[in-house]
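Structural overview
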Amino acid sequence: MKVLAAMSGGVDSAVAAARAVDAGHEVVGVHLALSRQPGTLRTGARGCCTIEDSMDAQRVAGMLGIPYFVWDFSERFKADVVDDFVAEYSAGRTPNPCMRCNERIKFAALLDKALALGFDAVATGHYATIVTDDDGNRELHRAAAWAKDQSYVLGVLTAEQLEHAMFPLGATPSKAEVRAEAASRGFALAQKPDSHDICFIPDGDTRGWLADKVGAEPGAILDRSGVVLGTHEGAAAFTVGQRKGLNIGFPADDGKPRFVLEVRPKTNEVVVGPREALAVAEIAGARYSWAGIPPTASSFECEVQIRAHADPVPAVATVTDEELVITPVDPLDGVAPGQTAVVYVGTRVLGQCTIDRTVSAVPVPA
C-alpha cells in the first residue's frame, strides 16, 4: 500500500514508520507543524510536534530512505483544538485536547489530505490494534501492552477512518521493546523522553494560560446548598474533582477536604463539597460515535473508561433518540462534563461520547 507515516519526532512514530517500510509498503513521512509560536521549541520532555521534533523525524526519514515533508496544520489546529479547548473551559467543561487532535487533525484533516493525494492509509505510533471480523469489518481493539494502550484516545475514530488507519505498534509487548528496536536501528531518539502535558501550553501552567485567554473575574465559591464559602479569581481555572487552590480559609464542619463538584461559568460560581459527593451514578452525551459497526441492541452491557489512564468499569449503555446514556454498576468518581467516555466490549472499542451531563450518586441533603 501507499502509506503516509505521521512522524511526531518521537520514538513510537519512528519505529512505526520503520515497520511500515519493512512490511513492503511505499512509505512517505510527514511531520505536522501545529504551532508557529517560538515558545513551542522543546526545552525538556513537555509537548510534542516542536521544531526539534521535526528535525528528529527528518533524521529518521533520511535513515529509512523515505521522502519526508512538513505540513503546516497550525491554523486548523488552532481552530479545532486550541480554540475548542478555550471554548470548553469557558463553558465550564473539562476538554481532552489530545482526543480532539486525533479526531479533527490526525484522522480528519491529515487523513482527508492523504486520501486526496492517493495514499491508502495513515500510519501512526499509537498503541492500539485493528482486527478484521469474518465479514471484513474493521474493529478497534486495545493494544497487547495494556500499560501503554492508547485505544482510549482513538475512541473517536469512525468506521470510515478505521478503514485507512494503521497502527504498527499494536502487538508490541512493551515500550522497552520499541526503544530497543529504535536503538538497534541506530535512531538517536531511542531514549527520547515521552511527551506529556498539553502540547500548546509549553510551561505546563494551564491555569495561567487560561486566565490569559479567557480572562479571570472574582466569583463565589458555594457549598451544595448555595451557602457562600469564599471567592475565587476565575471559574474557568477550576475542574471537577480539584482539591487544591480553593483557598476558602476555614475547614469544613467535618474537617475533611473539599473538592470542586461543579463549575458554573454563566454565574462565575464554583460549587464544592465532600469527596463522596463526586460519585456519579449516570453519564450521558449527545455527541457520540461508533468505532466500526454500531451495536444492534439499544441497551447492552459494556465497560466504560473516562480517562486515558483510568481502569474500565462495568456499565450498561443505552442509546436513546437524543444521547448515549451510560450507567456504571458502581458509581464513578469525579466525572466532569467535557470528558470523553469510551465504551468497550471486551478489548474492542465500541464507541465514545463527550459527556454533557452527569447524575450524582449522592443527593444534596435537605
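Cut-offs applied
Along each chain, the written sequence defines residue order, and numbers are assigned to residues from 1. Under the rules for a predicted model, residues below a pLDDT of 70 receive no local features and side-chain atom pairs below 80 are neither given nor counted, while totals for whole chains, interfaces and linings still include all residues. For the side-chain quantities, the full set of heavy atoms in the structure was used; hydrogens and water were omitted. Each helix is a run of H or I in the DSSP string that is no shorter than four residues. Each strand is a run of E no shorter than two, and both are numbered from the N terminus. Contacts are assigned to residue pairs with any non-hydrogen atoms lying within 4.5 Å of each other. Residues scored as positive are Lys and Arg, those scored as negative are Asp and Glu, and His as well as the terminal groups of each chain are ignored. To locate a charge, take atom NZ for lysine, CZ for arginine, CG for aspartate or CD for glutamate. For every residue, the accessible area (1.4 Å probe, protein chains only) is compared with the maximum for its type, and the residue is labelled buried under 20%, exposed over 50%, or partly exposed between those bounds. What makes two strands pair is DSSP finding at least two bridges between them. To get an axis, a line is fitted to the C-alpha atoms, and for a helix only the part in contact is used. The angle between two axes follows their N-to-C directions and goes from 0 to 180 degrees. In plain words, nonpolar cores are sets of buried Ala, Val, Leu, Ile, Met, Phe, Trp, Tyr and Cys residues tied together by side-chain atoms within 4.5 Å. For this classification, under 35 degrees means roughly parallel, over 145 means roughly antiparallel, 65 to 115 means roughly perpendicular, and everything else is oblique. In a left-handed crossing the near helix is turned counterclockwise from the far helix by less than a right angle, and in a right-handed crossing that turn is clockwise. Think of it as three bins: nonpolar holds Ala, Val, Leu, Ile, Met, Phe, Trp, Tyr, Cys and Pro, charged holds Asp, Glu, Lys and Arg, and polar takes everything else, Gly as well.

Observations concerning the overall build of the protein chain
- Each helix and strand counted, the protein chain has 7 helices and 20 strands in total.
- By its C-alpha atoms, the protein chain is 70 × 50 × 35 Å across when sized along the principal axes.
- Taking the contacts inside the protein chain whose residues are at least 6 apart along the sequence as the reference set, 66% of them involve residues at least 24 apart.
- Here the protein chain holds 34 positive side-chain charges and 47 negative ones, and the gap between their average locations is 5 Å.

Observations regarding the side chain of threonine 239
- On the secondary structure map, threonine 239 appears in the loop between β9 (228-232) and β10 (259-264).
- By relative accessible area, threonine 239 is classed as buried at 19%.
- In this view, threonine 239 contacts Tyr89, Thr94, Val260 and Val263; residues no more than four positions away in its chain are not counted.

A short note on the sheet that holds β10
- Reading across the sheet, the 4 strands line up as β9-β8-β11-β10 and stay open at both edges, with mixed pairing between neighbours. Of all strands in the sheet, those with a lone pairing partner are β9 and β10, marking the two edges. Across the sheet, the axes of successive neighbouring strands diverge by a mean angle of 30°, strand direction being ignored.
- Of the pairings in the sheet, the one linking β10 to strand β11 (residues 269-273) comprises 5 bridges and is antiparallel in character. Counterpart to valine 263 in the pairing with β11 is valine 270.

Re the nonpolar core
- Residues Met7, Val60, Leu64 and Phe187 are the most contacted members of the largest nonpolar core, which totals 28 residues.
- For this core, the elements supplying multiple residues, two or more each, are β1 (2-6), α1 (11-22), α2 (51-64), β4 (121-123) and α6 (175-184).
- What leucine 64 contacts, discounting residues up to four positions off in sequence, is Ala14, Ala17, Ala18 and Phe187.
- Listed in part, the 27 residues of the second largest apolar core include Ala6, Leu34, Val82 and Phe200.

Looking at the pairing of strand β15 (residues 313-319)
- As judged from the 6 bridges shared by strand β14 (residues 299-305) and β15, these two strands associate in the antiparallel manner. By the bridge assignment for β15, glutamate 303 is matched with proline 314.
- What sits between the antiparallel neighbours β15 and strand β16 (residues 324-328) is a turn of 4 residues.

Some remarks on the packing of α1 against α6
- It is the contact of α1 with α6, at a shortest axis distance of 10 Å, that shows an interaxial angle of 65°. Taken together, the axes of α1 and α6 are roughly perpendicular relative to one another. As for the relative orientation of α1 and α6, their crossing is left-handed in sense. Contact residues: Val11, Asp12, Val15 and Arg19 in α1; Lys175, Glu177, Val178, Arg179, Glu181 and Ala182 in α6.
- Tallied by class, residues from the contact of α1 with α6 come to 4 nonpolar, no polar and 6 charged.

Re the sheet that holds strand β2 (residues 26-33)
- One open sheet holds the 5 strands; their spatial order is β3-β2-β1-β4-β7, and the pairing between them is parallel. For this open sheet the edge positions go to β3 (68-72) and β7 (165-166), each flanked by a neighbour on one side alone.
- Summarising the sheet, β4 and β7 pair through 2 bridges and their orientation is parallel. From the neighbouring strand, alanine 123 faces β7, where its bridge partner is methionine 166.
- Its contacts with the sheet place helix α4 (residues 97-116) against β1, β2, β3, β4 and β7, and it is angled at close to 130° to β2.

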